[in-house]
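# A structural walkthrough
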Amino acid sequence: NAGVTQTPKFQVLKTGQSMTLQCAQDMNHNSMYWYRQDPGMGLRLIYYSASEGTTDKGEVPNGYNVSRLNKREFSLRLESAAPSQTSVYFCASSRPNTGELFFGEGSRLTVL
Amino acid sequence: DAKTTQPPSMDCAEGRAANLPCNHSTISGNEYVYWYRQIHSQGPQYIIHGLKNNETNEMASLIITEDRKSSTLILPHATLRDTAVYYCIVRGLYGGSQGNLIFGKGTKLSVKP
């Protein structure tokens, strides 16, 4: 099983450019999440989706939008990238009965 | 703010048990204690979780105090590959609280030969 797959793995943007980070899971999980991790810091929740068709803000949602396209896919969009959004982004999904989170390998974004 | 408090770093000799403490004095009755680890810059990896009883799996043991205000993750025979940042997290199992998973800075465990 692939688990949680994120694309792209690396991206460099200029300030003001837009892009979408893609995430897909093949475990039939209802809940999916987007986190960011800055150097030397823990993970911070950006947005989450408890089920298909629903999304909610996390701790640091400003500057981001999300789409839960279907049960498998949860995308994160930066409409106008800023240097403060330089970070590593992790997508995750959770197993319903245990709450165990499964993470992707991360997408490393640099905004110049 | 994170609901847990962990030491920023710990060292452990290879082959010895690594005991990682976590304080969660404000844990509520329906919240579980979860442990994850992050090796280098990979995505975090689930280790174990528990409510009030001690738990053991193939990776580790989790000891939760009777008052549930603290816990200890035990790696019984640490190897160099266990060098990682270990996160202790408290959260509910179901519902909206699933989204409010707060990672602190964790404990950086260094296993030394």
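Our structure is the block above this text.
Read on for a plain summary of the structure. (Residues numbered from 1 in each chain as written. Chains lettered and ligands numbered in written order. Predicted model: local features only at pLDDT ≥ 70, side-chain atom pairs only at ≥ 80, totals over all residues. Heavy atoms only, no water.)

## Description of the overall build of chain A
Of the regular secondary structure elements, chain A holds zero helices and eleven strands. For chain A, the α and β elements follow one another from N to C terminus as β-β-β-β-β-β-β-β-β-β-β. Rg of the C-alpha trace for chain A: 13 Å, near the compact-globule value of 13 Å for 112 residues, within the 12% margin. Dimensions along the principal axes, computed over C-alpha positions, put chain A at roughly 40 × 25 × 25 Å. (Helix = DSSP H or I, 4+ residues; strand = E, 2+ residues; numbered from the N terminus. Rg over C-alpha atoms; globule rule 2.2 N^0.38 Å.)

## What to know about the interface of chain A and chain B
At the interface, 22 residues of chain A touch 21 residues of chain B. Between chain A and chain B, the buried area comes to about 1600 Å², and carbon and sulfur atoms account for 50% of it. Joining chain A to chain B, the criterion identifies zero salt bridges. The tally of links between chain A and chain B comes to four residue pairs in polar contact (both at pLDDT 80 or more). (Contact = heavy atoms within 4.5 Å. Buried area = accessible area lost by both parts, 1.4 Å probe. Salt bridge = Lys/Arg side-chain N within 4 Å of Asp/Glu carboxyl O. Polar contact = N/O pair within 3.5 Å; in protein donor to acceptor, adjacent residues only side chain to side chain.)

## Considerations on the sheet that holds strand 5 (residues 55-56) of chain B
Spatially, the four strands line up as an open sheet ordered 2-7-6-5 (chain B), and their pairing is antiparallel. In this open sheet, the two edge strands, each paired with only one partner strand, are strand 2 (18-23) and strand 5 of chain B. (Pairing = 2+ DSSP bridges.)

## Concerning the environment of Glu105 of chain A
Mapping Glu105 of chain A onto the fold places it in the loop between strand 10 (101-103) and strand 11 (107-111). Relative accessible area serves as the criterion here: at 55%, Glu105 of chain A is assigned to the exposed category. (Buried < 20%, exposed > 50% of the residue type's maximum accessible area, 1.4 Å probe, protein only.)

## A short note on the packing of aromatic side chains
For the structure on display, the rule yields eleven aromatic pairs over all chains. Each ring, one from Tyr35 of chain A and one from Phe103 of chain B, has its centre 5.7 Å from the other, and the planes form 80°; the classification is edge-to-face. Here Phe103 of chain B lies in the loop between strand 8 (84-92) and strand 9 (107-112) and Tyr35 of chain A lies in strand 4 (residues 31-37), a pairing that spans two chains. As far as burial versus exposure is concerned, Tyr35 of chain A and Phe103 of chain B are alike and both buried. Through pairs of rings, three or more aromatic residues link up here, namely Tyr33, Tyr35, Tyr48 and Phe103 of chain A together with Tyr36, Tyr46, Tyr87 and Phe103 of chain B. (Phe/Tyr/Trp six-rings, centres within 6.5 Å; stacked < 30°, edge-to-face > 60°.)

By themselves, these figures tell us nothing about what the structure is for.
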